[in-house]
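Breakdown of the fold
Single-letter residue listing:
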Number of protein chains: 2
Amino acid sequence: MYIGIDVGGTNLKAGLVDEAGHILAAERIPLDFQGPESFAKTLADLSGKVLREGVEWVGVGLPGAVDGGDILYTTNIPMENVPLEKLFRRHLDLPLLLGNDADCAAVGEFFCGAGKGTKDFAVVTLGTGVGAGLIVDGRLRGGMASCEAGHMVICLDGEPCNCGRRGCWERYASATGLIQQTKRAMEAHPESALHKIAAEHGVEGRTAFLAAEDGDEAALAVCRRYAEYLAAGLINFVNAFRPEAVAIGGGVAGAPERLLLEPLREIMARECFSSHGGRATRILTAELGNDAGIIGAAMLGRVL
Amino acid sequence: MYIGIDVGGTNLKAGLVDEAGHILAAERIPLDFQGPESFAKTLADLSGKVLREGVEWVGVGLPGAVDGGDILYTTNIPMENVPLEKLFRRHLDLPLLLGNDADCAAVGEFFCGAGKGTKDFAVVTLGTGVGAGLIVDGRLRGGMASCEAGHMVICLDGEPCNCGRRGCWERYASATGLIQQTKRAMEAHPESALHKIAAEHGVEGRTAFLAAEDGDEAALAVCRRYAEYLAAGLINFVNAFRPEAVAIGGGVAGAPERLLLEPLREIMARECFSSHGGRATRILTAELGNDAGIIGAAMLGRVL
C-alpha cells in the first residue's frame, strides 16, 4: 500500500492506495502555505490521517520540477530548492517520492487508466498549460528528465510563452489558448452564437464546443483550428517518441468526440510518420479524471 | 565481436568490430541492387569477407524503417516488407539485426563517440534530411519506435515536406534546407560574396559559412537564421526528452563553431526548459564521422 498526495492550487488531497490502484481512504484539506517547514509537516499530518500498517512510501505530485526528494521549484507555491523529503522525515519516517503533476497523471493512467497494458505511453493534459508525462519502457521520464512537451515550438516566432520561447504548443493547445481563440472569434463575428453562450457562463474552454454543437460557423472554425493546433504538437511528440498510446486529459478532453477526437485522429492518421511505417500511436481519452493525481503520486515508487 | 554493415546510397561498407568499437577489418563494395534475395546474399557474402570465429551477429544500418529482422521500407532502395533476416540466413547462419541509419549513428556515438558515459543520449544528423537517433536509459528507441524528430513541425502551415506535413524541422535545418536558404539570399543580394564562392563549387551546405567567415553580411544573416531553425527543433526535442547530451552530426556539423555551435548553445541556454529547472542538455559534435554507421550497426545487439 502507498499514500498519494495531489498538491493542487487550492487543496491538498491525500489517498491510501492499494497495489491495484484503488483509493481505500481519502482526505482533503485547503492549501495554506506558510513556508517549506510547515508545508512538510502538513504533508506528514495529512499522510497520518490515511496511514495504515504496510504503507511503503508517500508520493506527492505537484506543479513544478523535482529532483529525487528535493523540490527545484513549484509554480503556484513559492518554493525553490527545498529538501522536502528531509523536512518531511522529521515528522514521518517514510520515503517521500516527488513527481511533477503531469508526470503523476501519466503514472496513474499507466497503471489504472487509459495506459493499462502498454509499456510506452504518454498523457497530455490540456489545462491552463499543456502538461505532458511520458513513460518509456515502463519507467517514468520524471525528475530531472521530466517531459516538457508543452514547450515545443510549433509556430516559429509565434505567440510569446511564459517559458521565454515564442510559439510554444501550449500557447495554442491549452484551455487558455482555446479561450483566447474563442475571444478573438467573438470579436471578429458579432453575430456568432458564441456571444449568447459566453453571456451565460463567461468564455470557457467549452464555449466554442457548445456553440459549434448548435451549428455556429464561427465556433466550428475555432474548434477545427484548435484540433489542428492540438494535432500539430501531438504529432511532433508522437513522431519523436512513437509511444503505443497517448491519452488526452484535462477539461478540454471532455469536448464532443465529433468536434475534437475525431478530427484529431483524422489529422494524425494522415500526418503521423507511422503512415510511412513503424508503430501507429493510439489516441485515447484519459480515464481517471481527478483521481489520476492521487493514484499516480501513490504509484511513483513503481516507475522511478 | 560483431559485424556492422552500413548501407549507403552508393556503397555497402562492412566492418569487423570488437567489443570496444574498434574496426579490425573493413570491406566496401558498390551497391548494385537486384532485388531483395540477391541483396540478402550480397550482405552475407560481404559479411563472409570480414567474418572471424566468435562473431555474434551481423548488424545492418539502412535508410528506412525496420521491425526486428524485417524491412518495412527503404528510402533509396526499392524494398518494402522484406523479411531480410530470413533471406540472409539462407546464406549465413548468424542473427541479422536491422537498424535505421540515424539510429545506428546514435548507437555508434553512444558506445564509442560523443555519447560515451551517458545513459540518455541522442544524435541529430544534418544531411539531406534531419535524422535523429535516441537512446533512453541505455536502450535504443529503434525499430517500430524509431525516433523521427526531423518530422516535428516548427512552422505551422510552413514549407511542404515529403512526409506529408508542412513546416517540418528538416525542411529548415537539413543541409538541403540550408542550401535553399543560401540560394534565396543570393537572389535577394546580388552583391553578396556568396555568388563568388558558389561560382567555384556550386551552392553547398558550407557556402554560407565560407562567405560568412569573410564577413559577408548576407551570408552572416543566413547562418544566424539557420542556427535559429536548428535551435528551434533541437530545443523542442530536448524539452520533451531531456537527454544528458545531444551530438550534432553530418556535414553541416563541421561548420565553424563561432557560426553554428556557439549561437546554437547560446539560444539553447536561454530557451531550453532546463533554464527553469531540471537537467541541462550538453550540445556536442559527433565524433565518429563516417565510421559511426559501421560501428553503430555492429553494436545494435547491445541496445535493442
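An account of the accompanying structure is given in this report. Note that the structure is predicted; figures quoted are calculated from it, not measured.

1. So, the nonpolar core
Judged by nonpolar contacts, the single largest core of 223 residues is most densely connected at A:Ile5, A:Ala106, A:Ala122, A:Ile154, B:Ile5, B:Ala106 and B:Ala122. Those residues in contact with B:Ala106 that lie beyond four places of it in its chain are B:Phe121, B:Ala122, B:Val123, B:Gly133, B:Leu134, B:Ile135, B:Leu140 and B:Gly296.

2. Topic: the packing of helix α3 (residues 101-112) of chain B against helix α10 (residues 292-299) of chain B
Residues and elements named next belong to chain B. For the pair α3 and α10, interaxial distance at closest approach is 7 Å and the crossing angle is 85°. With respect to α10, the axis of α3 lies roughly perpendicular. On the side of α3, the interface is formed by Asp101, Cys104, Ala105, Ala106, Val107, Gly108, Glu109, Phe111 and Cys112, while α10 contributes Ala292, Gly293, Ile295, Gly296, Ala297 and Met299. The residue makeup of the contact of α3 with α10, split by class, is 10 nonpolar, 3 polar and 2 charged.

3. Some thoughts on the environment of A:Phe88
Relative to the assigned elements, A:Phe88 resides in helix α2 (residues 84-89). If we skip the residues at most four places from it in the chain, A:Phe88 touches A:Ala40, A:Leu43, A:Ala44 and A:Leu96.

4. Brief notes about the sheet that holds strand β12 (residues 245-249) of chain A
Residue and element names in this part refer to chain A. What the 5 strands build is an open sheet, ordered β11-β10-β9-β12-β13; its pairing is mixed. Every other strand in the sheet has two partners, leaving β11 (139-140) and β13 (282-285) as the edge strands with one partner each. Bridge analysis of strand β10 (residues 130-136) against β11 gives 2 bridges, and the strand direction is antiparallel. Across the sheet, residue Val136 finds its bridge partner in β11, namely Arg139. In the packing of helix α3 (residues 101-112) onto the sheet, contacts are made with β9 (121-126), β10, β11 and β12, and the angle to β10 comes to roughly 50°.

5. A word on the relation of the copies chain A and chain B
Taken as rigid bodies, chain A and chain B are interconverted by a rotation of 180° and an axial shift of 0.0 Å, the fit giving an RMSD of 0.0 Å. Look at the turn and shift together and you get a two-fold axis relating the two. Most of the interface of chain A is mirrored in chain B, where 100% of its interface residues again form contacts.

6. Some words on the sheet that holds strand β2 (residues 11-17) of chain B
Residues and elements named next belong to chain B. Pairing in this open sheet of 5 strands is mixed, and the strands run β3-β2-β1-β4-β8 from one edge to the other. For this open sheet the edge positions go to β3 (23-30) and β8 (96-100), each flanked by a neighbour on one side alone. The mean angle between the axes of side-by-side strands here comes to 20°, regardless of whether they run parallel or antiparallel. With 7 bridges joining them, β2 and β3 adopt antiparallel strand pairing. Within the sheet, the bridge partner assigned to Gly15 lies in β3 and is Ala26. Packed onto the sheet, α3 meets β4 (58-62) and β8 and runs at close to 100° relative to β8.

Definitions and limits used
- Residue numbers here run from 1 along each chain, matching the order of that chain's written sequence.
- Written order determines the labels here, with chains lettered from A and ligands numbered from 1.
- Predicted model: local features are reported for residues with pLDDT of at least 70 only, side-chain atom pairs are reported and counted for 80 or more only, and whole-chain, interface and lining totals are derived from all residues.
- Each nonpolar core consists of buried Ala, Val, Leu, Ile, Met, Phe, Trp, Tyr and Cys residues. Their C-beta atoms, within 7 Å, join them into a set.
- Working definition of burial: number of other C-beta atoms within 10 Å of the residue's own, with buried at 20 or more, exposed at 12 or fewer, and partly exposed in between, all C-beta atoms being placed from the backbone.
- A pair of residues counts as a contact when their C-beta atoms, built from backbone coordinates, are separated by no more than 7 Å.
- Lines fitted to C-alpha atoms define the axes here, with helix axes fitted over just the stretch in contact, and angles between the N-to-C directions of these axes take values from 0 to 180 degrees.
- A run of H or I in DSSP counts as a helix once it spans at least four residues, and a run of E counts as a strand once it spans at least two, with each numbered from the N terminus.
- Relative orientations are named as follows: roughly parallel for angles under 35 degrees, roughly antiparallel for angles over 145 degrees, roughly perpendicular for angles from 65 to 115 degrees, and oblique for any other angle.
- Under this grouping Gly is polar, as are all residues other than the nonpolar Ala, Val, Leu, Ile, Met, Phe, Trp, Tyr, Cys and Pro and the charged Asp, Glu, Lys and Arg.
- For two strands to count as paired, DSSP must find a minimum of two bridges between them.
- Least squares is the method used to superpose the copies, on C-alpha atoms of residues holding a pLDDT of at least 70 in both.

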